[in-house]
Amino acid sequence: MDTEEATAAADTPTADGSRWFHGCWIAAIALLALFALAAHAVTEFEKSLDGDGQMEQPGLSGSAYEPLGPGATARYEDGLRVTVSIPEAHDDGTYSLTVTYENGTDEDLAIDRASYSTPLTVRAGEASDEDHYAGYDVEWLNHDRSTAALAPPLGEDDERTVPIRLKPSRKGIPVTVEVSPSNANSRETAHFQLTLG
């Protein structure tokens with residue numbers, strides 16, 4: 001009888017210690033989950049202050065001084081993605097590329113809604129060239145067709161590819177593609193720098 005009482009007395013502190021240990025682990029996990037939720041809420045709040053027209057992406061910013069390269073994608077906070085393809089050379093000295101818009105937002109987008117800004121620009125020179133003149137030129141051969149492709153609204157979860165055909169004044173020149181899709185407020189311009197040839 002005394003042996004049973006001694007065994008029961010020895011088991012009680014271990015059980016209490018085990019419960020305390022498990023309780024601490026549960027509290028620590030709950031605390032970490034709360035910290036993660038708070039960090040996510042702060043990040044979303046910062047994004048709302050920036051506006052949906054800001055780009056958010058790793059690596060190059062897509063600005064004129066950190067342009068994206070061919071095949072890269074500009075990612076906007078509201079879910080819009082814009083990708084400029086790698087230029088393809090043709091035997092007649094022209095080049096073709098595409099600009100693909102992927103609407104990952106929760107609404108239809110009017111890409112060229114703003115009349116005061118051009119939603120898509122192609123020019124000779126590097127993205128950081130402020131005077132936009134580098135001693136050479138590029139002709140946008142299908143400008144009207146490309147502009148017409150931007151006119152209809154882009155539906156939610158839809159994708160649209162705009163073809164561009166270019167003829168440079170000489171082979172090997174840098175060309176900048178500037179993408180400025182509009183939104184309700186304003187949207188950052190994404191700069192892509194390519195080399196034709």
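Residues numbered from 1 in each chain as written. Predicted model: local features only at pLDDT ≥ 70, side-chain atom pairs only at ≥ 80, totals over all residues. Heavy atoms only, no water.

K.L.:
Explanation requested: the nonpolar core in the structure shown.
P.N.:
Generally speaking, nonpolar side chains in soluble globular proteins are found buried as a group. Judged by nonpolar contacts, the single largest core of 31 residues is most densely connected at Val99, Tyr101, Leu120, Leu166, Val177 and Val179. Elements that contribute at least two residues to this core include exactly strand S2 (80–84), strand S4 (95–103), strand S5 (120–124), strand S6 (138–140), strand S7 (159–168), strand S8 (173–179) and strand S9 (190–196). The contact partners of Val99, leaving out residues within four places of it in the chain, are Val82, Thr83, Val84, Leu120, Arg160, Thr161, Val162, Ile164, Val177 and Val179. (Core = buried A, V, L, I, M, F, W, Y, C linked by side-chain atoms within 4.5 Å. Buried < 20%, exposed > 50% of the residue type's maximum accessible area, 1.4 Å probe, protein only. Helix = DSSP H or I, 4+ residues; strand = E, 2+ residues; numbered from the N terminus. Contact = heavy atoms within 4.5 Å.)

K.L.:
I would appreciate a short explanation of the pairing of S7 in the present structure.
P.N.:
Looking along a regular strand, one sees the side chains alternate between the two faces of the sheet. Here S7 shows one buried face, formed by Arg160, Val162, Ile164, Leu166 and Pro168, and one open face, formed by Glu159, Thr161, Pro163, Arg165 and Lys167. Of the strand pairs in this sheet, S4 and S7 are connected by eight bridges, and their pairing is antiparallel. Among the inter-strand pairings, Tyr101 is bridged to a residue of S7, identified as Arg160. Note: S6 against S7, three bridges, orientation antiparallel. (Pairing = 2+ DSSP bridges.)

K.L.:
It is not clear to me how the sheet that holds S5 should be interpreted in this structure. Could you clarify?
P.N.:
Sheet strands associate in pairs through backbone hydrogen bonding, adopting either a parallel or an antiparallel arrangement. In spatial order, the strands read S5-S8-S9; together these three strands make up an open sheet with antiparallel pairing. Every interior strand has two partners, whereas the edge strands, S5 and S9, have only one. Strand-to-strand, the axes of this sheet are offset by a mean angle of 20°, without reference to chain direction. Pairing of S5 with S8, which is carried by five bridges, proceeds in the antiparallel orientation. Counted as the bridge partner of Arg123 is Thr176 from S8. (Axes fitted to C-alpha atoms, helices over the stretch in contact; angles between N-to-C directions.)

K.L.:
Where do I start with the side chain of Glu178 in this structure?
P.N.:
Secondary-structure assignment places Glu178 in strand S8. The class for Glu178 is buried, based on a relative accessible area of 15%. In terms of polar contacts, Glu178 uses its side chain to reach the side chain of Arg123, at 3.0 Å. (Polar contact = N/O pair within 3.5 Å; in protein donor to acceptor, adjacent residues only side chain to side chain.)

K.L.:
Can you walk me through a nonpolar patch on the surface in this structure?
P.N.:
Residues Leu31, Leu32, Leu34, Phe35 and Leu37 make up a contiguous nonpolar surface patch of roughly 570 Å² in combined accessible area. Relative to the assigned elements, Leu32 resides in helix H1 (residues 2–50). (Patch = residues over 30% accessible without salt bridge, like charges linked within 9 Å, V, L, I, M, F, W, Y side chains within 5 Å. Areas by Shrake-Rupley, 256 points an atom, 1.4 Å probe, with all protein chains shown as cover. Salt bridge = Lys/Arg side-chain N within 4 Å of Asp/Glu carboxyl O.)

K.L.:
Help me understand the pattern of salt bridges in this model?
P.N.:
Side-chain pairs of opposite charge can arise where the charged atoms are in close proximity. As enumerated under the stated definition, the model contains two salt bridges in all. For Glu178, the salt bridge identified is with Arg123, shortest N-O distance 3.0 Å. Here Glu178 is found in strand S8, whereas its partner Arg123 is found in strand S5, with 55 residues between them in sequence. Across the pair, exposure class does not vary: Glu178 and Arg123 are buried alike.

K.L.:
It is not clear to me how the pairing of S9 should be interpreted in this structure. Could you clarify?
P.N.:
In terms of burial, S9 is a largely internal element, five of the seven residues being buried. Note that S8 and S9 share seven bridges and pair antiparallel. Looking across to S9, one finds that Thr176 is bridged to Gln193.

K.L.:
Got a minute to help me understand a negative patch on the surface in this structure?
P.N.:
Together, Glu102, Asp106, Glu107, Asp108, Glu156, Asp157, Asp158 and Glu159 line one region of the surface with negative charge. Within the element layout of this structure, Glu102 appears in strand S4. The class of Glu102 is partly exposed, set by a relative accessible area of 33%. (Lys, Arg positive; Asp, Glu negative; His and termini not counted. Charge placed at Lys NZ, Arg CZ, Asp CG, Glu CD.)

K.L.:
Mind showing me how you'd approach the side chain of His191 here?
P.N.:
Within the secondary structure, His191 is located in strand S9. According to the relative accessible area criterion, His191 is buried, its value standing at 12%. Not counting chain neighbours up to four residues away, the residues in contact with His191 comprise Gly62, Ser63, Ala64, Pro67, Leu68, Ala127, Thr176, Val177 and Glu178.

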